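Read off the chains here:
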Amino acid sequence: MILGRQHRKLAVMSNCIRICRCLKTYPSTIRQCGAGRSYSQLSSMQLDLKRALQSADSQSVNGSSFSDRSQLKYARRLVIKLGSAVITREDEHGIALGRLASIVEQVAECHQEGRECIMVTSGAVAFGKQKLTHELLMSLSMRETLSPNDHARKDVRTLLKARAAAAVGQSGLMSLYDAMFSQYGVKIAQVLVTKPDFYNDETRKNLFSTLSELISMNIVPIINTNDAVTPPPQDDNLIKSKGKKVISIKDNDSLAAMLAAEVSADLLILMSDVDGIFTRPPKQEGAKMIWTYNSDMADVIQFGKKSTVGTGGMDSKVQAATWALNRGVSVVICNGMQEKAIKSIVLGRKIGTFFTNAPTANATPVETLAENARYGSRILQKLPAVDRASAINALADLLISKQAAILDANEKDIAIATKEGTAAPLISRLSLTPAKLKSLATGLKQIAETSHTNVGKVLKRTKISENLDLTQVTVPIGVLLVIFESRPDCLPQVAALALSSANGLLLKGGKEASHSNKALMDVVKEALATVGAQDAISLVSTREEISDLLAMENHIDLIIPRGSSELVRSIQDQCAHIPVLGHAEGICHVYVDKDANLDKALTIIRDSKCDYPAACNAMETLLIHEDLFGGPFFNDVCDMLKKENVQLFSGPKLSSRLTFGPPQAKSLKHEYGELACTIELVSGMDSAINHIHTYGSGHTEVIITENSESATKFQRDVDSACVFHNASSRFADGFRFGLGAEVGISTARIHARGPVGVEGLLTTKWILKGDGHAAAEFAEGGSRTYVHEHLPTDN
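My aim in this report is to walk through the structure given alongside it, one point at a time. All figures in this text were calculated on a predicted structure; none of them were measured in a lab. For every chain, the first residue of the written sequence is number 1, and numbering continues from 1 along that sequence. The predicted nature of this model means local features are confined to residues of pLDDT at least 70 and side-chain atom pairs, given and counted, to a pLDDT of 80 or more, with totals for whole chains, interfaces and linings taken over all residues. Only hydrogens and water are set aside when side-chain values are computed; all heavy atoms of the structure are taken into account.

**Brief notes about the overall build of the chain**
Numbering goes from the N terminus for both helices and strands, where a helix is a DSSP run of H or I of at least four residues and a strand is a run of E of at least two. When helices and strands are counted, the chain shows 25 helices and 28 strands. Exposure is judged per residue with a 1.4 Å probe applied to protein chains only, and the accessible area is read against the type maximum: over 50% gives exposed, under 20% gives buried, and values in between give partly exposed. The burial tally for the chain puts 50% of its 795 residues in the buried class. Contact criterion: two residues are considered in contact whenever any of their non-hydrogen atoms come within 4.5 Å of each other. Within the chain, counting contacts between residues at least 6 apart in sequence, those at least 24 apart form 73% of the total. Of the roughly 37,300 Å² of accessible surface on the chain, a fraction of 50% belongs to carbon and sulfur atoms. Per-residue and other accessible areas follow the Shrake-Rupley method at a 1.4 Å probe size, with only the shown protein chains counted as cover for residues.

And the structure:
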């Protein structure tokens, strides 16, 4: 008796947690679901949560589908349709097991998250064909033995009828699903239907009653049509069932749409063998993917042929999707062969075509913004350098003349951040002041001054042969995507660098600075308008996930993340096809040599750590020559750092020398990003260099010494982007380097390294001028010879 109550209590707790996960609310309720709760209390909580969930669901029931992809994470009830082309092998005789296993895994994960999943599957015919082919071949092998000239074996595939194959394959398909789902502890049930079942009120009522009961028992219904007896498809789109219009069940797309509407699903996913809806058949030239579709777009689509495997084409999918959408069901048509498609969709990622009734006219697709940026880059490249410089100067002046509007927008962001309890250092990064805007304007004017010789600069000239000259010149990279956090002041800096280098630019800022970024972008657009290149730079203000932007390798040439090490590392990890310029960590070292001026050392150490501890160029590890450990300097530096509220940690060598002292650092390869640092002893310069190479990130290293030979050796041997002598690590900055501003700091060894200004945003191309030259003329015995003479560049 007691055991039964415990089981019921655990079941109710499980339901409560599943419902809470779906709602994304009631976190306190989840915490309260503990052993101290009685069965009756938990049952009451479950009832309250179900009522809340039903209230949330009523929006969809009343015909209000999700208006934005980001809302799909709240979808509770999913209908997932697997097209024949998705789960059938290319030879059409068998199931694509690996693909199906991946889909089953995703459905199981959604189910375990608390979502209610219904599957509509094809595949019985393919499964049956595989089995029947084997049986027929076995039968025909005897006939072939008796009559070697019998060619019936060649015609074995034409002997297979789809209905017979379906009859043979249905049980096998369900056994396969059962085996796969059982690996995740998920129970399934087959619901075998014929199309007339939907047009008879009694069978229709029984069908949806059964589905409702299965879902309530935490079972995943798997629905497939009884293709062994199914009648020919209807030709009309709508038929009447006792006066009620329902969609004609012509294929599994319309079947899935009908089910989704009847069970009040939140989301219908139609999985096909194409990425989504295109303006014309995908293989045709000029076909463009439609990421977001509404009924106004019906006239811009040209449909191609239907699938060779299934019964429906893309036009039937669009009709089914539109029908379901008009009944409050959100729909995504996607490529079922794409990895993790279902999970990506419910996370709000840009996968497939999203159907919505919400107006889309105000939101420019990011692909269009990128194409505009490409075109804008070419406009900028054609302009004289003086015009690009003029636009940058105009931007600098607008930062001052439009100061009031910019600061008003910034105050809105700060007010929101303060209300949300944002930490003071982050608010400091977020805030703009008249002084910051003045400093920005000064930096932009420096960029304008240096922009006259950036693009088209001749780097090398070579005389290949008589009247055959080769020139290497600088050109823009193309389209840049800069992703930045918190600091809105980087927007005009990066915009000016893109203008100077004639690159197109997409900017993706954090939502915490949305008002400031919009105000600053208005100023950038006004400056661009002075040279007729308004679309060369755009702010991506749609709700695109960063992962979606990172997949746009056909539109974006270089990604530059600016922000925390977590942001940079995440982007580097996710981006597989677009180069990323940046650094994941800023583990900077300051080494105090035995020949150091100790007063200089205290000044440099304080500035390197305390001037801006959150910066990537702040000192994280202080290396001290062991000869200085016994004197007053060690105590002086520790006292100075403690007065600055720096938390100290010791390296293993220092820790072994101290009886009482700072706790030992958990790792010597750690970026604190705050008022904290590690102190370690080294036996000499070689030891310091080895330590830096072992634990550093290749960002910035400093030596403090009065021995010029030691400084030269250190700066030669340390393999980092920036290596300083008797100067603070905080000088590793584009503005301080005289670059005007920086687009970021790179620790890579290819292309750009260190603070990246305009030159880091340029690449080169080769220009060859000849006079009827042919390569064959330079072959052995030919009439021409190579000279390869270096010529002056005249820069």
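**Overview of the packing of helix H17 (residues 490–501) against helix H18 (residues 514–529)**
In the contact formed by H17 and H18, the axes pass within 10 Å of each other and the chain directions differ by 25°. Classed by the angle they form, the pair H17 and H18 counts as roughly parallel. For H17 against H18, the interelement crossing comes out right-handed. Facing H17, whose interface residues are Leu491, Pro492, Ala495 and Leu499, H18 presents Asn517, Leu520, Met521, Val524 and Leu528. Gly is placed with the polar residues, together with every amino acid not listed as nonpolar (Ala, Val, Leu, Ile, Met, Phe, Trp, Tyr, Cys and Pro) or charged (Asp, Glu, Lys and Arg). Within the contact of H17 with H18, the residues separate by chemical class into eight nonpolar, one polar and no charged. The angle between two axes is taken between their N-to-C directions and runs from 0 to 180 degrees, where each axis is a line fitted to C-alpha atoms and a helix contributes only its stretch in contact. If an angle is under 35 degrees, it is roughly parallel; if it is over 145, roughly antiparallel; if it lies from 65 to 115, roughly perpendicular; otherwise it is oblique. If you view the pair so one helix is near and one far, a crossing is left-handed when the near helix is turned anticlockwise from the far one by less than a right angle, and right-handed when it is turned clockwise.

**Considering the packing of helix H13 (residues 385–401) against helix H16 (residues 434–450)**
Interhelical geometry of H13 versus H16 gives an angle of 170° and a closest axis separation of 9 Å. Comparing their axes, H16 and H13 come out roughly antiparallel. For the pair H13 and H16, contact is made by Ala389, Ile392, Asn393, Leu395, Ala396, Asp397, Leu399 and Ile400 and by Leu437, Lys438, Leu440, Ala441, Leu444, Lys445, Ile447 and Ala448, respectively. Looking at the contact of H13 with H16, its residues break down into twelve nonpolar, one polar and three charged.

**Topic: the sheet that holds strand S7 (residues 267–272)**
Only strands that DSSP links by at least two bridges are regarded as paired with each other. Sheet architecture is open: eight strands sit in the order S3-S4-S2-S1-S7-S11-S12-S10, paired in mixed fashion. Among the strands making up the open sheet, the edge pair consists of strand S3 (188–193) and strand S10 (292–293). Where S3 meets strand S4 (residues 220–225), six bridges bridge the pair, whose relative direction is parallel. Of the residues in S4, the one forming a bridge with glutamine 190 is isoleucine 222. Contacts from helix H8 (residues 201–216) reach strand S1 (77–82), strand S2 (116–121), S3 and S4 within the one sheet, and its direction differs from that of S3 by about 170°. Sheet strands touched by helix H10 (residues 314–325): S1, S7, S10, strand S11 (330–335) and strand S12 (353–355). Its angle to S11, the strand with the most contacts, is close to 155°.

**Some details on the environment of isoleucine 290**
Considering the arrangement of structural elements, one finds isoleucine 290 in strand S9 (residues 289–290). Sequence separation of isoleucine 290 and glycine 352 is 62 residues, and the distance between their C-alpha atoms is 8.4 Å.

**Quick word on the pattern of salt bridges**
Just to be clear on terms, a salt bridge is a Lys or Arg side-chain nitrogen sitting within 4 Å of an Asp or Glu carboxyl oxygen. As enumerated under the stated definition, the model contains 27 salt bridges in all. The salt bridge involving glutamate 116 is made with arginine 76; its shortest N-O contact spans 3.0 Å. In this pair, glutamate 116 sits in strand S2 while arginine 76 sits in the loop between helix H3 (39–61) and S1, placing the two residues 40 residues apart along the sequence. Summarising the burial analysis for this pair, glutamate 116 and arginine 76 share the class buried. For the salt bridge of aspartate 489 with arginine 487, the shortest nitrogen-to-oxygen distance reads 3.4 Å. Taking relative accessible area as the criterion, aspartate 489 reaches 8% and is therefore assigned buried. On the basis of relative accessible area, arginine 487 is assigned to the partly exposed category, the value being 30%. Here the salt bridges share partners, and the residues they tie into one network are Glu105, Glu109, Glu113, Arg115, Lys340 and Lys343.

**Looking at the packing of aromatic side chains**
Aromatic ring pairs are defined here through the distance separating the ring centres and the angle between the ring planes. Any Phe, Tyr or Trp ring, taking Trp's six-membered ring, that has another such ring centre within 6.5 Å forms a pair; planes under 30 degrees apart are called stacked, those over 60 apart edge-to-face, and the others tilted. Taken as a whole and judged by the stated rule, the model has eight aromatic pairs. Here the aromatic rings of phenylalanine 198 and phenylalanine 208 are separated by 6.3 Å at their centres, their planes lie at 65°, and the arrangement is edge-to-face. A residue pair is termed long-range when its members are at least 10 positions apart, and phenylalanine 198 in the loop between S3 and H8 and phenylalanine 208 in helix H8 qualify at ten residues. The residues phenylalanine 198 and phenylalanine 208 share a single accessibility class, namely buried.

**Quick notes on the pairing of strand S16 (residues 504–508)**
Counting buried positions over the five residues of S16 gives five, a clear majority of the element. On S16, burial covers both faces: Gly504, Leu506 and Lys508 on one face and Leu505 and Leu507 on the other are all buried. Pairing between strand S15 (residues 479–484) and S16: five bridges, direction parallel. Bridge assignment links valine 479 to a residue of S16, and that residue is glycine 504. Whether a crossover is right-handed depends on one test, that the path from the first strand over the helix to the second runs clockwise when the strands point away from the viewer. On the question of chirality, the crossover connecting S15 to the parallel S16 by way of H17 is right-handed. Relative to strand S17 (residues 537–539), S16 runs parallel, the two being bridged by three bridges. Bridge pairing in S17 places leucine 507 opposite leucine 539. Taken together, S16, H18 and S17 form a β-α-β motif whose crossover is right-handed.

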